[in-house]
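Structural description and commentary
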Amino acid sequence: MPNVKLHYDIDGNDFTVAGQASSNLKKVLKQLGVSTEVIRKAAISMYEGEINTVIHGKGGAADVEISTDKLIITFTDHGPGIKDISQAMQEGFSTATDEARELGFGAGMGLPNMKKYSDALNISSVLGEGTTVEIIIHLT
Amino acid sequence: MEPNNTPLSHSVTLDKAKCKGCTACLKRCPTEAIRIRDGKAKILQDLCIDCGECIKVCPYHAKQAATDPFEDLQKYKYNIAVPAPTLYGQFHNLKDIDYVLNGLLAIGFDDVYEAAKGTEAITDLTLKLLAEGKLEKPVINSACPAVIRLISVRFPSLISHILPVVAPVEAAAMAARKEAVEKTGLSPEDIGVFFISPCAAKATTVQNPLGLKASPISGVLSMKSVYMKLLPALGKLSEIKPISTSSLEGISWARIGGEIKALSRGKCLSVDGIDNIISLFEEIEDDENLDIDFIEALSCTGGCVSGPLTVENGYVAKMRIVEIAKAQGKKDLPRTPIDLTDEELTWSEPIKYRNNMYLDEDFAVAMQKLEQIETIYRDLPQIDCGSCGSPTCKCLAEDIVRGYADEIECIHNLRKRLQSLQQEAE
Ligand SMILES: Nc1ncnc2c1ncn2[C@@H]1O[C@H](COP(=O)(O)OP(=O)(O)OP(=O)(O)O)[C@@H](O)[C@H]1O
Ligand code: SF4
Ligand SMILES: [Mg+2]
């Protein structure tokens, strides 16, 4: 089974580079001839995940695994962790700082959008240790 | 959405004798459509969007836009010049637009129809479509063909966001021909409608129309070449007939901000410069929550005033356009809307996605190729020097896998290999 793995480091100190991993992933998916619909789903999830990893997780990494039928994106960070995952999943819930809000983040829509545009979303988080968010998107 | 990959002809061409094979255009091309092969630049037709960046950046003026010769006027019985408003910004101390328009008559046109006249009807239709609320937001303007082509090769998910309305010059060309038919009694084919263009992408659009079955424009003359004819003629004008009826708003479309100024409603954003447009479009694809109604995107920095076929510095031209538009506004001319229906102004053909990136029809093979690209890339120096003739190391890796290049073409790796051979020999 062919399978492609991509790794992106996500710098926790720089808002402005957010979007680079997403842009690169979009290119790869186009090279593979994946449908526009799937690319759009992947782009939104990648971007929201990247930003959460920067602003909430204090930086970390995104790992992408593409196989013939699906795409798995895993965001890992060693930040503060999420206290209440079901609360974090609610539309509009946000703990974003004023600084992040000034830059247009903090609507509390990132995780709900990731859920909406993916086929599965799993979060595991330990307070004080970090968070792992896994997204699965079917290719067909 | 299925990709459409029928060949496309382009207006950007290379003068091989002038090309020195440097990396100026190679590094500047926003879609990585240029390679240097055998010491000369080569444009990959499938990837070119006609933005004209290479024309602007080439230090040896080896890149040109294939426009039509002035002699083409002889093909028609009656010729109309359709000047882009950018033309007005090319002259020093221009007292009135009418000088330029009379000048066009003096150099051989039978009539003039300002491209700026096309804008009013488009603004009206845009407002109507926005009010109906059926367009996908953010709506992206359709005035710049380089932007439409960019979307069709790089941003398939944004195709449905493009305003499905003709460009001002197309509206003006349609109206001009219609009026001329009435005025002269000639048949439409006998009327030559020539766009005086600052733009390479617009020249391509005549051969490969966007959103229309056929272009209403008969030919495209480069603004530079018309300027050379016009300049001496302007000094010799004996009388200046009042011709211009365009508006402040219409003329302002020559610069970035003009189109949304005319709309003056909603959350509108202007973006100029092809790289800025690419990064904005990336963000629009990614971010669901951007709250934007309308985007005015023009590939050239500052707008068409700095189009690749202009003479004057784009910033100077922009300043002059602001002045000229103001002066035109003061004339208080009656608004004379062009006589075209909404249907005539609306696109009849869809914009198709041209996926030129995919590596193989077969998904499994494409995956293998992607892995090969990564493997080759890891061995390259990753300094993107361009001496191999591909714009970046990543791009060379892709070219190798696609069969367009050899690994040997990396001189840094070649040197390393030679050094190790030498060591073995010693
Ligand atoms: N990696 C993470 N580490 C710690 N907390 C997180 C992480 N990801 C999300 N959270 C928490 O979940 C909340 C909701 O996240 P979500 O992405 O939905 O909204 P947001 O990031 O606050 O705002 P938006 O995504 O709309 O800009 C965040 O405010 C934060 O408290
Ligand atoms: S900004 Fe104007 S001149 Fe430049 S590519 Fe677009 S339409 Fe042509
Ligand atoms: Mg978020």
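Figured I'd write up the structure that's included with this text. (Residues numbered from 1 in each chain as written. Chains lettered and ligands numbered in written order. Predicted model: local features only at pLDDT ≥ 70, side-chain atom pairs only at ≥ 80, totals over all residues. Heavy atoms only, no water.)

Observations regarding the overall build of chain A
We apply this condition: Only DSSP runs of H or I reaching four residues or more are called helices, and only runs of E reaching two or more are called strands; each is numbered from the N terminus. Only the C-alpha atoms count toward the radius of gyration. The rule for a globule is 2.2 Å times the residue count to the power 0.38. Residues are treated as being in contact if the distance between any of their heavy atoms lies within 4.5 Å.
What chain A contains, in helices and strands, is five helices and five strands. Reading the secondary structure of chain A in the N-to-C direction produces β-α-α-β-β-α-α-α-β-β. Taken over the C-alpha trace, chain A has a radius of gyration of 14 Å; the compact-globule value for 140 residues is 14 Å, and the two agree within 12%. Projected onto its principal axes, the C-alpha positions of chain A cover 40 × 30 × 25 Å. Taking all contacts inside chain A whose residues are at least 6 apart in sequence as the whole, residues at least 24 apart take part in 63%.

Thoughts on the pairing of strand β3 (residues 40-43) of chain B
Residue and element names in this part refer to chain B. For clarity, the threshold we go by: Each residue is placed in one exposure class: buried if its accessible area under a 1.4 Å probe, protein chains only, is under 20% of its type's maximum, exposed if it is over 50%, and partly exposed if it falls in between. The criterion for strand pairing is that DSSP finds at least two bridges linking the strands in question.
Taking every second residue as pointing to the same face, the buried face of β3 carries Ala41 and Ile43, while none of Lys40 and Lys42 on the other face is buried. The pairing of strand β2 (residues 34-37) with β3 spans four bridges and is classified as antiparallel. Across the sheet, arginine 35 pairs through a bridge with lysine 42, a residue of β3. The turn joining β2 and β3, which pair antiparallel and follow one another in sequence, is formed by two residues; a positive phi near 50° is taken by aspartate 38.

A word on helix α15 (residues 393-402) of chain B
With respect to burial, α15(B) is a largely interior element, nine of its 10 residues being buried. The complete set of buried residues in α15(B) reads Cys393(B), Lys394(B), Cys395(B), Leu396(B), Ala397(B), Glu398(B), Asp399(B), Ile400(B) and Val401(B). Buried residues along α15(B) sit against α1 (20-31) of chain A together with β2 and α14 (363-379) of chain B. Gly403(B) occupies a position one or two residues after α15(B) and carries a positive phi of about 85°.

Details of a nonpolar patch on the surface
All names here are of chain B. Convention followed: Like-charged residues are merged into a patch within 9 Å and nonpolar side chains (Val, Leu, Ile, Met, Phe, Trp, Tyr) within 5 Å, provided each residue has over 30% relative accessible area and no salt bridge. Reported accessibility uses the Shrake-Rupley method at a 1.4 Å probe radius. Residues are deemed covered only where the shown protein chains occlude them. The term salt bridge refers to a pairing of a side-chain nitrogen on Lys or Arg with a carboxyl oxygen on Asp or Glu at a separation within 4 Å.
There is a patch of nonpolar side chains on the surface, built from Ile408, Leu414, Leu418 and Leu421 and spanning about 360 Å² of accessible area. You can see leucine 421 is positioned in helix α16 (residues 411-425). Using a relative accessible area of 49% as the deciding quantity, one classes leucine 421 as partly exposed.

Structural notes on the site of ligand 1
All names here are of chain A. Stated precisely, the cut-off is as follows: A cutoff of 4 Å decides nearness: a residue is near a molecule or strand if any of its heavy atoms lies inside that distance of it. Polar contact criterion, stated in full: a pair of N or O atoms within 3.5 Å, where within protein one must be able to donate a hydrogen and the other to accept it, and residues adjacent in sequence count only if both atoms are side-chain atoms.
Around ligand 1 sit 20 residues in total, of which His56, Ser94, Thr95, Gly106 and Met109 are the nearest. Residue asparagine 52 places a side-chain N or O atom 2.8 Å away from an oxygen atom belonging to ligand 1. A distance of 2.6 Å separates an oxygen atom of ligand 1 from a polar atom in the side chain of serine 94. Secondary-structure elements contributing two or more residues to the shell around ligand 1 are α2 (36-55) and α5 (110-116). Among the elements that take part in the shell around ligand 1, α5 stands out by supplying three residues, more than any other.

On their own, these measurements won't tell you what the molecule is for.
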